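# Descriptive structure summary
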Amino acid sequence: MELRQFINSINSELYRASKASRRGFIKIGFITLILLAGKSLTEARISLPFSLRGGYIALSSYTSPMYEHKQRKRNNHINPVLYRLDQLQNSLSLMGSRIQSETYKHWTGIASHVEKEWSKLAKFLKLFPTRQKASIHRLDDVLTSFKSVLRNGKEVDISQLLKACRAHLTLVKSGGAALRLVAKDMENNLQKAEALHSQLRKSNKGQNLSSMLSIERELGLHNGNILKDDSAAMGLLWIRRSLTFQMDLYSSLLPSSTKSPSDAAMEAYNEHLLPYHGWMLQKIFPMSLSQMPEKDVFIAKFGGMERQYLNEVYEKEIVGKLSDLVRIWEPLISAWKEEFERMDMEDVRRA
Ligand SMILES: *[C@@H]1O[C@H](CO)[C@@H](O)[C@H](O)[C@H]1NC(C)=O
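Residues numbered from 1 in each chain as written. Predicted model: local features only at pLDDT ≥ 70, side-chain atom pairs only at ≥ 80, totals over all residues. Heavy atoms only, no water.

An unreviewed UniProt entry annotates the protein chain as Glycolipid transfer protein domain-containing protein of Cyclotella atomus.

This is how it looks when you write it as structure tokens:
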């Protein structure tokens, strides 16, 4: 059988099985087993420059249909078809990438053929939702950690806040060129706050925002609301401004918004950062933000995937999480601001 035919037959099997029949389900398992054993590849007379056994071991998460059947009984809260396809998709992409990379070195011609077939199969499988995407997990981490920053609606937990900002920074860095300066700025400011936090950790002091700000004030670091440049207070002030800016920017990705990310970025910049930027930053920041991509590219980036793989299911999931993030930030940012104003530490000088 030709590799192409073989893959076509898997496609149709998958399609049939996706209608949730249990028999089809086991059939997929069987076909996958054959596929993973490399039968299709030998039949297509492609000898591969790596041992298929190695490939098979790399896919050891694959288990026999019978075992799966027992497992499924235990994990019956998971929709069995999606669970199976999930694993299958993961296994196939693992094997696909192995074939792509290993083969390419020595067998360019064959590789391009194999690669084409794999990507067809992979595209088909992308029709199914999966939770395997690494960066969706990244977004999940950010959400979970920000969720526990604000206590009783007004107390800002510093350890949790710094942890959440660290996780968020990783996400911002994956946002591409337009967010590079935002990330850099956030990292600098985060380091200022982390420095004090790690000093205070032993003494168990400064656990919330107000006690941390009080400590610096009592140390005589600041002159009224003229904050010391490398202080934690200064760092936290600018992180808050950055998150306020980002909150408006990410809101433009939600279905309720008609703004493009680049318009939203400029508006948010003018409102939340420009009043505090000196002429130099006023030149650099907008220039950096002007590289803002289209909505769907941006959404794909936050989901850690190429735009071509973004489909309705992924988009809905990513946008839903961004919307949760914005919702969590709102009360946090206002509590954060209130605390600075209450302590009269809102430094409004231009940087
Ligand atoms: C912050 O912590 C201090 C003591 O550690 C406590 O007295 C204060 O009430 C806390 N602030 C808020 C806003 O809960």
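## A look at the overall build of the protein chain
Our working rule: Helix and strand assignments come from DSSP, with helices taken as H or I runs of at least 4 residues and strands as E runs of at least 2, each series counted from the N terminus. Only protein chains enter the accessibility calculation, which uses a 1.4 Å probe; a residue whose area is less than 20% of its type maximum is buried, one above 50% is exposed, and one in between is partly exposed. Here, residues are in contact when the closest pair of their heavy atoms is within 4.5 Å.
Tallying secondary structure elements over the protein chain gives 16 helices and two strands in all. Out of the 351 residues in the protein chain, the part that is buried amounts to 47%. Partitioning the contacts of the protein chain with sequence separation of at least 6, the portion at a separation of at least 24 is 71%.

## A closer look at the site of the ligand
Heads up, the rule is: Near residues are defined by distance, with any heavy atom within 4 Å of the molecule or strand qualifying the residue. What qualifies as a polar contact is a pair of N or O atoms within 3.5 Å, subject to a donor-acceptor requirement within protein and to the restriction that residues adjacent in sequence count only when both atoms come from side chains. Only the protein chains shown count as cover for residues, with accessible areas throughout obtained via the Shrake-Rupley method and a probe of 1.4 Å.
Surveying the vicinity of the ligand reveals the residues E155, N208 and S210. Measuring from an oxygen atom of the ligand, one finds a side-chain N or O atom of E155 at 3.4 Å. The protein chains hide 45% of the 360 Å² of surface that the ligand would expose on its own.

## Observations concerning the environment of G303
As for its position among the elements, G303 is in the loop between α15 (295-302) and α16 (312-342). G303 sits in the buried class, given a relative accessible area of 0%. When the C-alpha positions of G303 and K321 are compared, they lie 9.8 Å apart, and in sequence the two are 18 residues distant.

## Some details on the pattern of salt bridges
How we decide: Between Lys or Arg on one side and Asp or Glu on the other, a salt bridge is scored when a side-chain nitrogen of the former is within 4 Å of a carboxyl oxygen of the latter.
Throughout the structure, instances matching the rule amount to 13 salt bridges. The salt bridge involving D140 is made with K321; its shortest N-O contact spans 2.7 Å. Taken together, the positions of D140 in helix α8 (residues 134-147) and K321 in helix α16 put the pair 181 residues apart, joining distant regions of the chain. Across the salt bridge formed by D324 and R327, the nearest N and O atoms sit 3.2 Å from each other. You can see D324 and its partner R327 sitting in helix α16, three residues apart, about one turn around the helix. Salt bridges sharing partners connect three or more residues here, namely R166, K173, E187 and E194.

## Things to note about the nonpolar core
Selection criterion: Residues grouped as a nonpolar core are buried Ala, Val, Leu, Ile, Met, Phe, Trp, Tyr and Cys residues, joined through side-chain atoms within 4.5 Å.
Counting 72 residues, the largest nonpolar core has F146, L161, L236, I318 and F340 as its most contacted members. Element by element, the count of residues in this core is highest for α16, at 13 residues. Setting aside chain neighbours within four positions, we find L236 in contact with I158, L161, L162, A193, L209, M212, W336 and F340.

## Focus on α16
Selection rule: Residue count minus one, scaled by 1.5 Å, sets the expected span of a helix. Here the bend at a residue means the angle between the axes of two seven-residue stretches, the one that ends at it and the one that starts at it.
The end-to-end C-alpha separation of α16 is 45 Å, in line with the 45 Å expected for 31 residues at 1.5 Å each. At W329, α16 shows its maximal kink, close to 25 degrees; a proline, P331, follows between one and four residues later. At the N-terminal end of α16, a side-chain oxygen is found 3.0 Å from the backbone nitrogen of V313, two or three residues along, and the residue is N311. With its phi angle positive at about 50 degrees, D344 sits one or two positions after the end of α16.

## Here's the deal with unusual backbone geometry
Backbone geometry at N152 places phi at a positive 50 degrees, although glycine is not the residue there. Within the fold, N152 resides in the loop between β1 (150-151) and β2 (155-156). Residue N152 is classed as exposed on the basis of its relative accessible area, which comes to 72%. Phi is positive for N204, close to 60 degrees, though the residue is something other than glycine. Among the secondary structure elements, N204 is positioned in the loop between α10 (180-200) and α11 (209-218).

## Brief notes about the environment of A300
Within the secondary structure, A300 sits in helix α15. Leave out the neighbours within four places in its chain, and A300 touches M305, E306, R307 and L310.

## Digging into the side chain of H222
Mapping H222 onto the fold places it in the loop between α11 and α12 (232-251). According to the relative accessible area criterion, H222 is buried, its value standing at 13%. Among the polar contacts made by the side chain of H222, one reaches the side chain of E216 at a distance of 2.9 Å. From its side chain, H222 meets the backbone nitrogen of K228 in a polar contact 3.0 Å long. Beyond its immediate sequence surroundings of up to four residues, H222 is in contact with E216, R217, L227, K228, S231, A233 and M345.

## Looking at α10
Look at α10: 30 Å from first C-alpha to last across 21 residues, which is about the 30 Å you get at 1.5 Å a residue. Of all the residues in α10, the buried ones are V182, A183, M186, E187, N189, L190, A193, L196, H197 and L200. Looking at the buried residues of α10, the elements they touch are α9 (158-173), α11, α12 and α14 (279-289).

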